[in-house]
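# Coordinates in review
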Amino acid sequence: MPMWQIHGPADAFGTDDKQALATRITDLYADFLPRFYVNVLFHAVEAQAFYVGGEPAGDFVRITVDHIARALDDPASQRAFVDRCLPVLGPFLTDRGLRWEMHVDNTPFDFWTINGLRPPPADTPAERQWRDDNRPSPWEGA
Amino acid sequence: MPMWQIHGPADAFGTDDKQALATRITDLYADFLPRFYVNVLFHAVEAQAFYVGGEPAGDFVRITVDHIARALDDPASQRAFVDRCLPVLGPFLTDRGLRWEMHVDNTPFDFWTINGLRPPPADTPAERQWRDDNRPSPWEGA
Amino acid sequence: MPMWQIHGPADAFGTDDKQALATRITDLYADFLPRFYVNVLFHAVEAQAFYVGGEPAGDFVRITVDHIARALDDPASQRAFVDRCLPVLGPFLTDRGLRWEMHVDNTPFDFWTINGLRPPPADTPAERQWRDDNRPSPWEGA
């Protein structure tokens, strides 16, 4: 479900950083979602390709997130989610002197497929099976 | 309208694959939309840039789609659309041993322009003209 | 807030073009938003990577925009915003013989953070402070 895209300077994150960040982002959802639902895609931004306030920004990381499996629709839940992200992201961003920005969007559950399978509804035995197995499989009622 | 973005390993698709996939995706909409409404953009993902469940994923293709010209708002229509995509995508993905995931979002019709022109409303003579011509043109009432 | 992503051929825009376009896009919002809210990210599309209507499109620029700080929810406001963009974009696109398309989406205000700070609500003293300073800072009530 969550599709994280992290746009930043090519030298902002080494392979170890990317691995660590991907693991910690995945951990944010691990209590309730299959781990494989979490996609983290790093985009290396070229020089002179990113502008913030009309100024070239070589020290800026922009994170966009699409949520699918769970829709957090009310402001309080949305703020609570952002608050949970801060201790994960801060050490890789703020603490390194990078400026950054993140926003999340909700997208429709039924407009989604993994390996051509319809993901099971939230908190069903089939979803728990996918979580236990950490992989998708056919399920009854799909 | 539909903006398809396909993120996958650089060697997942050759030029012939990309052409064939783009044609078949466009065909999905050809009964009701101008063909030029369909945008298919391939992104070559670098090694160690994509993580699924916190693990590097060199065998994973992620498709994101934005719909604009037609909003499928109910779950049944959304599922039916996804089901129509499966036989198009499967041969390029599942049948090649790639893991994959796709999700679609709806975005507002009136927040959209092509060549600076406002696209005509659905199922109007102007839209049919755009479809017949396979190009945008000024229309009365825009 | 506004996250502009501009996908086009690598040779479509030189550094001066990118700078000028980023400045003018930022100016679109400068009357009411902090300038640093405006992100403009250029993506150089590789050859044979973009298809329009199933045909390779080497002369096509695709702009996607996410709005966060202000949600324009009604068609009239959405059209008015698109109309304001046209004189900014036309000289870099239509006037150079490029085909192009743009669409905008609204995303939730409370799903958003800058440098780990919650952006202040619209038209508050805190937002005006951010605009005057052209940088984020802690504010009372966050």
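The structure presented is a predicted model; accordingly, all values stated were derived computationally and were not measured.

Conventions and cut-offs
- Residues numbered from 1 in each chain as written.
- Chains lettered and ligands numbered in written order.
- Predicted model: local features only at pLDDT ≥ 70, side-chain atom pairs only at ≥ 80, totals over all residues.
- Heavy atoms only, no water.
- Contact = heavy atoms within 4.5 Å.
- Buried area = accessible area lost by both parts, 1.4 Å probe.
- Salt bridge = Lys/Arg side-chain N within 4 Å of Asp/Glu carboxyl O.
- Polar contact = N/O pair within 3.5 Å; in protein donor to acceptor, adjacent residues only side chain to side chain.
- Helix = DSSP H or I, 4+ residues; strand = E, 2+ residues; numbered from the N terminus.
- Pairing = 2+ DSSP bridges.
- Buried < 20%, exposed > 50% of the residue type's maximum accessible area, 1.4 Å probe, protein only.
- Arc of directions from axis to C-beta.
- Nonpolar A, V, L, I, M, F, W, Y, C, P; charged D, E, K, R; others polar.

At the interface, 32 residues of chain B touch 32 residues of chain C. A buried area of about 2,700 Å², summed over both sides, lies between chain B and chain C, and 53% of it is on carbon and sulfur atoms. When the area that chain B buries against chain C is broken down by residue, the three leading residues are B:Asp110, B:Phe111 and B:Asn115, summing to 28%. Connecting chain B to chain C are two salt bridges. Between B:Arg118 and C:Asp83 there is a salt bridge, with the nearest N and O atoms lying 3.6 Å from each other. If you look at where chain B meets chain C, you find 14 residue pairs in polar contact (both at pLDDT 80 or more). Of all elements in the fold, only β1 (3-9), α1 (15-29), β2 (39-45), β6 (99-106) and β7 (112-114) of chain B reach the threshold of two or more residues within the side of chain B that touches chain C. As defined by bridge partners, β7(B) adjoins strand β6 (residues 99-106) of chain C across three bridges and the pair is classed as antiparallel. Its bridge partner lying in β6(C), B:Ile114 is registered against C:Glu101.

What follows deals with helix α3 (residues 125-133) of chain B. Residues and elements named next belong to chain B. Among all positions of α3, only Ala126, Glu127 and Trp130 are buried. Taken around the axis of α3, the buried residues stretch over an arc of 100°, which confines them to a single face. Facing away from the buried side of α3 by more than 90 degrees, the exposed set consists of Pro125 and Asp132. At its buried positions, α3 is contacted by β7. Once α3 finishes, Asn134 follows within two positions and takes phi at roughly 55°, a positive value.

Let us now look at the interface of chain C and chain A. The interface is formed by 32 residues belonging to chain C together with 32 residues belonging to chain A. When the two sides are added together, the surface that chain C and chain A hide from each other amounts to roughly 2,700 Å², 53% of it contributed by carbon and sulfur. Our count for the contact surface shared by chain C and chain A stands at two salt bridges. Where chain C touches chain A, the interface holds 14 residue pairs in polar contact (both at pLDDT 80 or more). Elements represented by at least two residues in the side of chain C that touches chain A include exactly β1 (3-9), α1 (15-27), β2 (39-45), β6 and β7 (112-114) of chain C. Within the side of chain C that touches chain A, the residues separate by chemical class into 14 nonpolar, twelve polar and six charged.

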